[in-house]
Amino acid sequence: MTSENLLQKYATSAVPRYTSYPTAPHFSTDLSPETCRGWLERVDPSEPVSLYLHLPFCREVCWYCGCNMRLAARYEPVAAYVETLLREIDLVCGFLPGPIEIAHLAFGGGTPTVLEPDDLERVMSALRSRFRLAPGAELSIESDPRTLTDAMSERIGKLGFTRASFGVQEFDPKVQEAIHRIQPPDVVAHAIGGLRRAGVRHINIDLIYGLPHQTVASLTRSIATCLEMRPDRVALFGYAHVPWMAKRQRMIAEDALPGPEERADQAASAAEALISAGYQAIGLDHFAREDDTLAVAARNGELHRNFQGYTTDRARTLLALGATSIGRTPEGYFQNEPVPAAWTQAIEAGRLPVAKGIALTADDSLRAHVIERIMCDAEIDLEAAGHQFGQPDDWSADALEQLRDMAEDGLITLDGGHLKLSEEGRPLVRVVAAAFDRYLARNKARHSVAI
Ligand code: SF4
């Protein structure tokens with residue numbers, strides 16, 4: 001089947017991005033905070049863990065945004081949130097079996113840099129007093145170049161952050177207006193320069209294709225501008241238009257959105273521009289300089305996937321703090337209350353603020369492994385995976401028909417138990433991964449299109 005026909009058949013499939021398996025729409029409110037407390041108590045103290053903190057506040061609302069965020073017109077709600085976050089650190093640490101080492105810390109949002117520098121320092125001091133930072137631990141923070149102050153840049157450097165991520169998306173003024181995010185290149189360059197001068201060594205830039213009024217030409221120009229800023233990593237996401245879930249996306253003019261073929265052209269030409277500039281393509285949507293740890297991990301087959309996308313983070317336990325954050329232990333996933341008031345109320349009552357989650361079965365763990373390896377390596381030895389998880393025979397019965405169909409279409413090759421995506425199939429990796437998703441058919445939750 002030609003690439004064009006493959007696109008026509010598969011690109012409009014609604015499939016998850018597989019930053020977890022099972023995915024969040026399949027979490028259940030039946031999971032109790034007491035169960036999650038038991039999971040935390042059984043975390044192996046000899047293994048490093050990862051930590052994610054969520055700050056759901058921004059100074060402005062971008063219309064494409066699908067995150068859990070609130071407009072912070074005043075600082076008071078942000079200050080109150082920080083107080084609760086400090087209490088949550090104490091609460092969660094009280095359930096853990098002793099001091100634990102952190103290998104990765106990510107502060108996301110929202111926009112964590114809307115915090116006052118002193119509040120960021122209080123949060124980091126609380127974490128440093130409760131956890132041990134592993135030598136060479138990665139400390140990353142998301143930032144909005146429009147609102148990052150020089151004082152905050154300096155403090156981020158002083159606190160030892162090693163990586164900062166900037167949402168750039170696209171530099172074309174017409175596109176920026178259509179998504180309600182105006183940030184000229186000099187604003188972004190100033191923010192990046194300030195962090196570098198403060199000692200933050202690594203910079204990530206996020207770009208998006210498939211935005212209203214975006215074209216191959218506008219995206220190519222944006223990438224050229226972005227490359228002048230020498231990011232270590234570039235994430236290139238397809239805009240996920242899901243206004244039935246993210247209501248602010250109703251502000252986006254649907255008739256200005258590019259169609260599937262134009263989206264595919266944008267993705268392909270952007271990838272080509274980044275690869276020609278010396279970046280290594282990683283998985284579905286990341287690019288990294290060859291000396292970046294993500295590129296090294298990809299070359300060594302040690303890439304992983306979590307809620308931030310592709311990562312070098314291999315910890316089996318992720319402690320997640322803040323409203324809406326999702327954590328996990330080897331026993332399951334658990335998501336905090338998304339509304340800050342409910343999250344605060346639970347913490348004040350001394351309860352884990354868990355709203356929902358899922359306990360993993362052996363079948364879930366096997367499928368999570370298969371899906372993660374497909375998303376990271378574009379290939380998997382299915383027989384070996386079945387043996388590794390003690391289920392060599394029956395795990396793929398419901399996927400076989402779809403896989404045969406995909407092999408006939410040239411999306412994958414199936415050689416005995418070895419599945420490998422073809423070059424044409426790589427952009428449709430989410431569709432291939434979805435063949436192993438036992439929950440997808442059962443639930444009508446609507447996801448974004450595959451490209
Ligand atoms: S895209 Fe980022 S800065 Fe914009 S509203 Fe969403 S979280 Fe805030």
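Every chain is numbered independently, its residues counted from 1 as its sequence is written. It should be noted that, the model being predicted, local features are given only for residues of pLDDT at least 70 and side-chain atom pairs only at 80 or more, the latter also being counted only at that level, while totals for whole chains, interfaces and linings use all residues. Side-chain measures here rest on the full set of heavy atoms in the structure, leaving out hydrogens and waters.

1. So, the overall build of the protein chain
Of the regular secondary structure elements, the protein chain holds 15 helices and 19 strands. The principal-axis extents of the C-alpha atoms in the protein chain amount to approximately 60 × 50 × 40 Å. The buried label applies to any residue whose accessible area, calculated with a 1.4 Å probe on protein chains only, is under 20% of its type's maximum; exposed applies above 50%, and partly exposed to all values in between. Here the protein chain, with 451 residues, has 55% of them falling under the buried criterion. Whether two residues are in contact is decided by their heavy atoms, any of which lying within 4.5 Å being enough. Long-range pairs, those at least 24 residues apart, make up 73% of the contacts in the protein chain with a sequence separation of at least 6. Helical segments are the DSSP runs of H or I of at least four residues, strand segments are the runs of E of at least two, and each set is numbered from the N terminus.

2. Let's talk about the sheet that holds strand 19 (residues 418-421)
At least two DSSP bridges between two strands are needed for those strands to be called paired. Ordered by their spatial adjacency, three strands build an open sheet running 17-19-18, and the pairing between neighbours is antiparallel. Of all strands in the sheet, those bounded by a partner on one side alone are strand 17 (379-381) and strand 18 (412-415). Adjacent strand axes in the sheet meet at a mean angle of 10°, parallel and antiparallel pairs treated alike. Sheet topology note: the strand 18/strand 19 ladder contains four bridges and is antiparallel. Orientation is described by lines fitted to C-alpha atoms, with helices fitted over the stretch in contact, and by angles between N-to-C directions that extend from 0 to 180 degrees.

3. Observations regarding unusual backbone geometry
Note that the residue after Tyr21, namely Pro22, is joined by a cis bond; omega there is -5°. Structurally, the position occupied by Pro22 is in the loop between helix 1 (3-10) and helix 2 (33-41). Not every positive phi belongs to a glycine, and Gln169 is a case in point at roughly 75°. On the basis of relative accessibility, which here comes to 6%, the residue Gln169 falls in the buried class. Despite not being glycine, Thr324 has its phi angle at roughly 75°, a positive value. Relative to the assigned elements, Thr324 resides in the loop between strand 13 (318-321) and strand 14 (326-329). Residue class for Thr324 comes out buried when judged on its relative accessible area of 15%.

4. So, empty space enclosed by the protein
Computed over the protein atoms alone on a 1 Å grid, cavities are sets of points where a 1.4 Å probe fits but cannot get out and pockets are open sets with protein on both sides within 12 Å along at least five of seven lines; a residue lines them when it has an atom within 4 Å of a point. Grid points are joined across faces, edges and corners, and a volume is the space filled by probe spheres set on the points. According to the stated counting rule, one finds two cavities of 30 Å³ or more in the structure shown. In this structure, the largest cavity is lined by 13 residues; those nearest its centre are Val92, Ala320, Phe334, Asn336 and Leu352. Those elements that place two or more of their residues in the lining of the largest cavity are helix 3 (76-95), strand 13, strand 14 and strand 15 (332-336). Per element, the largest residue contribution to the lining of the largest cavity is three residues, and it comes from strand 13.

5. Observations concerning the site of the ligand
The near set for a molecule or strand comprises every residue that places at least one heavy atom within 4 Å of it. Neighbouring the ligand are the residues Cys58, Glu60, Cys62, Tyr64, Cys65, Met69, Gly110, Thr111, Asp144 and Arg181. In this count, Pro and Cys sit with the nonpolar residues alongside Ala, Val, Leu, Ile, Met, Phe, Trp and Tyr, while Asp, Glu, Lys and Arg are called charged and the others, Gly among them, polar. Grouping the amino acids of the shell around the ligand by side-chain chemistry returns five nonpolar, two polar and three charged.

6. Some remarks on the pairing of strand 1 (residues 49-55)
For strand 1, a buried count of seven out of seven residues is recorded, marking the element as mostly surrounded by other parts of the structure. In strand 1, alternate side chains face the same way, and those of Val49, Leu51, Leu53 and Leu55 on one face and Ser50, Tyr52 and His54 on the other are all buried. Of the pairings in the sheet, the one linking strand 1 to strand 4 (residues 101-109) comprises seven bridges and is parallel in character. Following the sheet pairing, Leu51 is matched in strand 4 by Leu105. Note that strand 1 and strand 13 share four bridges and pair parallel. The partner of Tyr52 across the bridge, within strand 13, is Ala320.

7. Notes on the domain arrangement of the protein chain
In this entry, domain limits derive from an automatic or database-based domain assignment. The domains assigned to the protein chain are domain 1 (1-21 + 361-451) and domain 2 (23-321). Here the C-alpha centroids of domain 1 and domain 2 sit 26 Å apart. In this assembly, 25 residues from domain 1 lie in contact with 25 residues from domain 2. With both sides pooled, the region where domain 1 packs onto domain 2 buries about 2200 Å², and carbon together with sulfur makes up 59% of that total. Distance and chemistry together define a polar contact, namely a pair of N or O atoms within 3.5 Å, with one atom able to donate a hydrogen and the other to accept it when in protein, and with adjacent residues in sequence counting only for side-chain atoms on both sides. The interface formed by domain 1 and domain 2 holds seven residue pairs in polar contact (both at pLDDT 80 or more) in total. When contributions to the side of domain 1 that touches domain 2 are tallied by element, the ones reaching two or more residues are helix 1, helix 12 (362-377) and helix 15 (429-434). Residue contributions to the side of domain 1 that touches domain 2 peak at four residues, all from helix 12. In terms of residue class, the side of domain 1 that touches domain 2 is made up of 13 nonpolar, seven polar and five charged. Throughout, the accessible surface (probe 1.4 Å) given up by two parts as they are put together, summed over both, is called the buried area.

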